[in-house]
Amino acid sequence: MSDDEVSIDEVEEEQEVTDLSNSDVCTKYQEAAKIVNLALEGLVQQCVPGAKVLDLCEFGHTVMEAQAAKLYQKKVNGVAIDRGVSFPVCISVNDVVCNHSPLPTEERPPLKAGDIVKMDLGCHIDGYIAVAAHTCVVTESPDAQPEKDEELGNVAVAAYNAMLVAAASIKAGATNADVTKAVERVASAYGVTPISSVRMHQMKRYVLDGVKEVALKAPVPDDPEEEKVPECTFEQAEVYAVDVAMSTGDGKARPGEFRTTVFKRNVEQQYHLKVKAARQLLAEVDKKFPTLPFTMRHLSDLRSAKLGITECITHGLLTPYPSMHDYSGKVAHFKCTVLLLPSGTSRVTGLKLPSYFTTDKAADEETQKVLEEIAAVEAKKAAKKAAKKKNKKKKKSEATLSA
């Protein structure tokens, strides 16, 4: 065997498997998912009258960074494993659909009872990303129920059920067109509209918005705001962000008055910047946030960043995530992460739908069947988990008595 052949074999052996066929990768996705769910649960509890959006964003950020820091502390080949926030915490209130993460100088009025809050965030372990979004209503006290709102109930139940059905539909061999049809079917049954600018995405290591996409609705012919998504087929060992936002209005979310503060480095684009502040900004981004989205709030010199951000955007070095608004109706936003495992599709992030979101409308027959199947699987898992816990408690008690 020649030296060239040996070197090729060595390279192939050293190539790292970065999809779910690697059990270590699967574990990292699951650990990131646990942190995301923990942060979401904490944020829901913090959504009380008087709470500030900025404080909520920083709370969620701190939870994810602190929890991630506890894991995988051992260095690999002398290098610490990268872990932490993969998408900055965004708290979007009422007509704001997503991507609102304010600067300290641009804080909005504090939350009040009745506000509809959409929270969106992500965490990663070694570049393996888990994301989620949730919608809740601010109440006067933790035990209080919000006033019944028929419109909000319809859109919240529709968005949540569409997320569940979409997650179940994303399986090896299915296509993105299948999922889009399922989402449209749910929206139609509840009389609401999917927000056309929202997309579901495949995720890979350090890649939040992969090539494979799923639209929430088929594009309207001759509408310049809606682009047709290329058809794709899902494969085993892939990971997807199942992102669903719906509106009681026309579903046309657009950038509003708020400053865009969330950006992502476009790693494929290079340009020699003229403005010193822009060069300094890009150097910091390349060092601290080379691949995943960040908020300007976490840059070292915010004043300088404001001066340099425009040139970076103009030349495509940074991709903006503007705060999107829908003034036409009430909005609900839910998102989960799914892993396409050999045993089937596993939904690893996302909280349960708040019990106060109810509707008199019924899902169509096909959707109802899928929802019942999902509920049966979850009930079986819960029973198995309870039995395991009971058995563990019994063994512990027997060990105590024998001692």
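Residues numbered from 1 in each chain as written. Predicted model: local features only at pLDDT ≥ 70, side-chain atom pairs only at ≥ 80, totals over all residues. Heavy atoms only, no water.

Participant: I'd like a rundown of the layout of surface pockets, residues and numbers included.
Facilitator: The calculated volume of the largest pocket comes to roughly 1700 Å³. Contributing to the lining of the largest pocket are 41 residues, with Ser346, Arg347, Val377, Glu378 and Lys381 lying nearest its centre. If you list the elements that add at least two residues to the lining of the largest pocket, you get helix 2 (23–46), helix 4 (150–169), helix 5 (176–190), strand 15 (344–347) and helix 8 (365–402). When residues of the lining of the largest pocket are assigned to their parent elements, the largest contribution, 13 residues, is made by helix 8. Looking at side-chain class alone, the lining of the largest pocket contains 18 nonpolar, nine polar and 14 charged residues. Estimates place the volume of the second largest pocket at around 860 Å³. What lines the second largest pocket is a set of 31 residues, among which Asn99, Ser197, Val198, Arg199 and His201 lie closest to the centre. Elements that contribute at least two residues to the lining of the second largest pocket include exactly strand 2 (96–98), strand 6 (199–203), strand 8 (239–247), strand 9 (254–255), strand 12 (318–321) and strand 14 (331–341). Broken down by class, the residue content of the lining of the second largest pocket amounts to 15 nonpolar, five polar and 11 charged. (1 Å grid on protein atoms, 1.4 Å probe; cavity = no way out; pocket = protein on both sides within 12 Å on 5 of 7 lines; lining within 4 Å. Points joined across faces, edges and corners; volume = space filled by probe spheres on them. Helix = DSSP H or I, 4+ residues; strand = E, 2+ residues; numbered from the N terminus. Nonpolar A, V, L, I, M, F, W, Y, C, P; charged D, E, K, R; others polar.)

Participant: Would you mind going over the pattern of salt bridges in detail, with residue names and values included?
Facilitator: If you walk through the whole model with that rule in mind, you get 19 salt bridges. Here Lys212 ties to Glu235 by a salt bridge, and the two come within 3.5 Å at their closest N and O atoms. With Lys212 in the loop between strand 6 and strand 7 (213–215) and Glu235 in the loop between strand 7 and strand 8, this residue pair connects regions lying 23 residues apart in the sequence. What makes Glu235 partly exposed here is its relative accessible area of 47%. The partner of Glu284 in a salt bridge is Lys288, with the nearest N and O atoms 3.0 Å apart. Here the residue Glu284 and the residue Lys288 both occupy positions in helix 6 (residues 276–288), the gap between them amounting to four residues, near one helical turn. Overall, the relative accessible area of 15% leaves Glu284 in the buried class. Judged by its relative accessible area of 43%, Lys288 is partly exposed. (Salt bridge = Lys/Arg side-chain N within 4 Å of Asp/Glu carboxyl O. Buried < 20%, exposed > 50% of the residue type's maximum accessible area, 1.4 Å probe, protein only.)

Participant: Can you break down the side chain of Asp115 residue by residue, with the values?
Facilitator: Mapped onto the elements of the fold, Asp115 is located in the loop between strand 2 and strand 3 (116–125). Look at Asp115 and you get buried, because its relative accessible area is 5%. Side chain to side chain, Asp115 and Asn94 meet in a polar contact 3.1 Å long. What Asp115 contacts, discounting residues up to four positions off in sequence, is Val93, Asn94, Pro110, Cys136, Val137 and Val138. (Polar contact = N/O pair within 3.5 Å; in protein donor to acceptor, adjacent residues only side chain to side chain. Contact = heavy atoms within 4.5 Å.)

Participant: Explain the sheet that holds strand 2 to me, and be specific about the residues and the numbers.
Facilitator: If you trace the three strands from one edge of the open sheet to the other, you get 2-13-9, paired in antiparallel fashion. At either end of the open sheet lies a strand with only one pairing partner, and these are strand 2 and strand 9. (Pairing = 2+ DSSP bridges.)

Participant: How would you sum up the side chain of Ser304? Please name residues and give values.
Facilitator: Its location among the elements puts Ser304 in helix 7 (residues 302–314). Looking at Ser304, its side chain comes within polar contact range of the side chain of Gln280, at 3.4 Å. The residues touching Ser304, leaving out its near neighbours within four places in the chain, are Ala277 and Gln280.

Participant: Provide a residue-level description of the nonpolar core, including the pertinent values.
Facilitator: Ranked by size, the top nonpolar core spans 51 residues in total, and within it Met200, Phe234, Val242 and Met246 carry the most contacts. Breaking this core down by element, the ones donating at least two residues are strand 2, helix 4, helix 5, strand 8, strand 14 and helix 8. Top element by residues in this core is helix 4. It accounts for 13 residues. Setting aside residues up to four positions removed in sequence, Val242 forms contacts with Met163, Ala166, Ala167, Ile170, Met200, Phe334, Lys335, Cys336 and Val338. Within the second largest apolar cluster, 50 residues are counted, among which are Leu43, Val93, Val131 and Leu341. (Core = buried A, V, L, I, M, F, W, Y, C linked by side-chain atoms within 4.5 Å.)

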